Amino acid sequence: MELLKKLTGTFGPSGCEEKIAELIKKETEAFCDEIYTDALGNLVCRKKGNGKKVMFASHMDEIGIVVTFIDEAGFLRFADVGGLYLRNLINRRVRFENGVIGVIGTEENNEKRQMAKMFIDIGAKDREEAEKMVSIGDMAVFEGELTVQNGKIISKALDDRVGCYVLIEAMKKVKSENDLYFCFTTQEEVGLRGARTAAYKIEPEYALSVDVTDIGDTPKAPKMAVKLGKGTAIKVMDYSVITSVEVREKLIDIAESRGIKYQREIMMEGGTDAGVIHFTKGGVKTGGISIPTRYIHSPSEIIDEKDLKASIDLLVGFAEEI
Ligand code: CO
Ligand code: ZN
C-alpha cells in the first residue's frame, strides 16, 4: 500500500503530471524493455513481444483548481481543472505545488453553490502578500491523505492513481508473448487528451482503460448495479464508449476461468480514456476494467482492497490470454 500512498500523495493536476511520471518511471524501469514520454507528457512502458499489440491506459492527472484572480484583500478566485462538484468544495483544504495550503470559502450564506462566489483563503493579508505565495495560473489539488480501514482504502486522487497502481503491479507480474504498452496518460480529466496521442502513435490492436467507476450501494444512491467489494467491474458502456463485445466477453471468460470476482458496469455519467482510444485511426477493439469507487472527485474517495486485487489479476489475465 506504500506505493499507492505515494501515488495518491504526489501532486499532479491535469497538465502537471511530471512528478507522477517520474515516480512511475522509477518503479517500472526494471520491469519493461522500453520507456518513452511524448509531447503531451504521456509515459509509455513497453514490454516487447511478438504477439498482439495491446495498450493499457490509466490517467496520471487528478482534478484540481487553477487561480484566475487575486483580489485586494489577498483572496484568490479560481476555476476548475476537471469536473468538480460544487457541494464538495466549501471549507475544503487545497494544496499548491509549492506547499501553500488554501481553504475554500464562499460569499453565499445559503445552500446554493456557485463557483463564481467562491474564493480561496491562503491567510494572506493583502494582494501583495498573496502574490508572493501563488501566481495566476497556479494549480492546487485537494488534501486527503490515504488511510486504510476495514479493507477499504480512503484517499484523494484514487481517480486514477489506483489505475496507475493496477498497471504497475500487473507489469511486475505478467508473463506474456504479446507486445504490451502500459500507458500512463495525461489530461484525462479535462477531456481524455493524452490518451488520444498515445493511442495514435502506438496503433494497438486491443486496448483496455483502467479507471474508477461509480457505485450504487450507499443509502439512496442512484440505481446502479456496481457495488463496493463485489469485484472488479468489466465495462459495458459509459458516456464515452460502448466496449468491444469481443474484449468484454474475453474479460468475462478470463474472470470465470481464473476465479476472479467481477461485475458488469454501465456508468451513465462521465467517461474514460477508452472513449478516445477506440476510434483512433482505423479503430481499436477497446474495453475497460474499473475499480468501484465511492465519492469520486472528492477528497475522500473509497475503494475496496479486494476489488483492487481482482482488477490487477484480470489485467494480467487479459495481457496473457488475448
Ligand atoms: Co475523474
Ligand atoms: Zn479517472
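Just above, that's the structure.
Residues numbered from 1 in each chain as written. Chains lettered and ligands numbered in written order. Predicted model: local features only at pLDDT ≥ 70, side-chain atom pairs only at ≥ 80, totals over all residues. Heavy atoms only, no water.

Draft legend 1. Region of the structure containing the coordination of the cobalt ion (ligand 1). Coordination of the cobalt ion (ligand 1) by the protein comes from D159 (OD), E189 (OE), E189 (OE) and H297 (NE2), over a distance range of 1.9 to 2.6 Å. Angles of 55 to 150° at the metal separate the 4 donor atoms of the cobalt ion (ligand 1), which places the site in the irregular class. Look at where the donors of the cobalt ion (ligand 1) fall in the sequence and you get D-x29-E-x107-H. Between the two metals, the cobalt ion (ligand 1) and the zinc ion (ligand 2), the spacing is 3.3 Å, and D159 donates to both. (Donors = N, O, S within 2.8 Å, 3.2 Å for Na, K, Ca; no water. Tetrahedral: all angles 85-135°; square planar, octahedral: opposite > 155°, others 65-115°.)

Draft legend 2. Looking closely at the pattern of salt bridges. Scanning the entire structure with this criterion turns up 22 salt bridges. A salt bridge links K152 to D304, with the shortest nitrogen-to-oxygen separation between them at 3.5 Å. Remark: D304 occurs in strand β18 (residues 301-304) and K152 occurs in strand β11 (residues 152-155); sequence separation between them is 152 residues. With a relative accessible area of 26%, K152 lands in the partly exposed category. Of the residues examined, D304 reaches a relative accessible area of 2% and is grouped as buried. The residue K309 makes a salt bridge to D313 at a minimum N-O spacing of 2.9 Å. Here D313 and K309 lie together in helix α8 (residues 305-321), a separation of 4 residues that amounts to about one turn. Ionic contacts of the salt-bridge type, sharing partners, join the residues E27, E169 and K172 into one network. (Salt bridge = Lys/Arg side-chain N within 4 Å of Asp/Glu carboxyl O. Helix = DSSP H or I, 4+ residues; strand = E, 2+ residues; numbered from the N terminus. Buried < 20%, exposed > 50% of the residue type's maximum accessible area, 1.4 Å probe, protein only.)

Draft legend 3. The side chain of E108, seen in detail. Note on placement: E108 falls in the loop between β7 (101-106) and β8 (118-121). Despite being buried, E108 has no salt bridge partner; K112 is the closest side chain of opposite charge, sitting 4.6 Å away. In terms of polar contacts, E108 uses its side chain to reach the backbone amide nitrogen of Q114, at 3.2 Å. Ignoring sequence-local partners within four residues, the contact set of E108 consists of R113, Q114 and K117. (Lys, Arg positive; Asp, Glu negative; His and termini not counted. Polar contact = N/O pair within 3.5 Å; in protein donor to acceptor, adjacent residues only side chain to side chain. Contact = heavy atoms within 4.5 Å.)

Draft legend 4. Structural context of the coordination of the zinc ion (ligand 2). Looking at the zinc ion (ligand 2), the protein donor atoms are H59 (NE2), D159 (OD), D211 (OD) and D211 (OD), and they sit 1.9 to 2.6 Å from it. When its relative accessible area of 6% is taken as the criterion, D159 is described as buried. D211 gets classed as buried once you look at its relative accessible area, which sits at 4%.

Draft legend 5. Highlighting empty space enclosed by the protein. For the structure on display, the rule yields 1 cavity of 30 Å³ or more. Considered as a void within the structure, the largest cavity measures approximately 70 Å³ in volume. A per-class count over the lining of the largest cavity returns 3 nonpolar, 2 polar and 5 charged. (1 Å grid on protein atoms, 1.4 Å probe; cavity = no way out; pocket = protein on both sides within 12 Å on 5 of 7 lines; lining within 4 Å. Points joined across faces, edges and corners; volume = space filled by probe spheres on them. Nonpolar A, V, L, I, M, F, W, Y, C, P; charged D, E, K, R; others polar.)

Draft legend 6. Region of interest: the layout of surface pockets. A volume near 540 Å³ is recorded for the largest pocket. Taken together, 21 residues make up the lining of the largest pocket; nearest its centre are D214, I215, P222, M224 and E269. Partitioned by chemical class, the residues of the lining of the largest pocket number 11 nonpolar, 4 polar and 6 charged. Taken domain by domain, the lining of the largest pocket gets at least three of its residues from each of domain 1 (2-62 + 156-321) and domain 2 (64-142). By volume, the second largest pocket amounts to about 370 Å³. (Domains from an automatic or database assignment.)

Keep in mind these values describe shape, not function.
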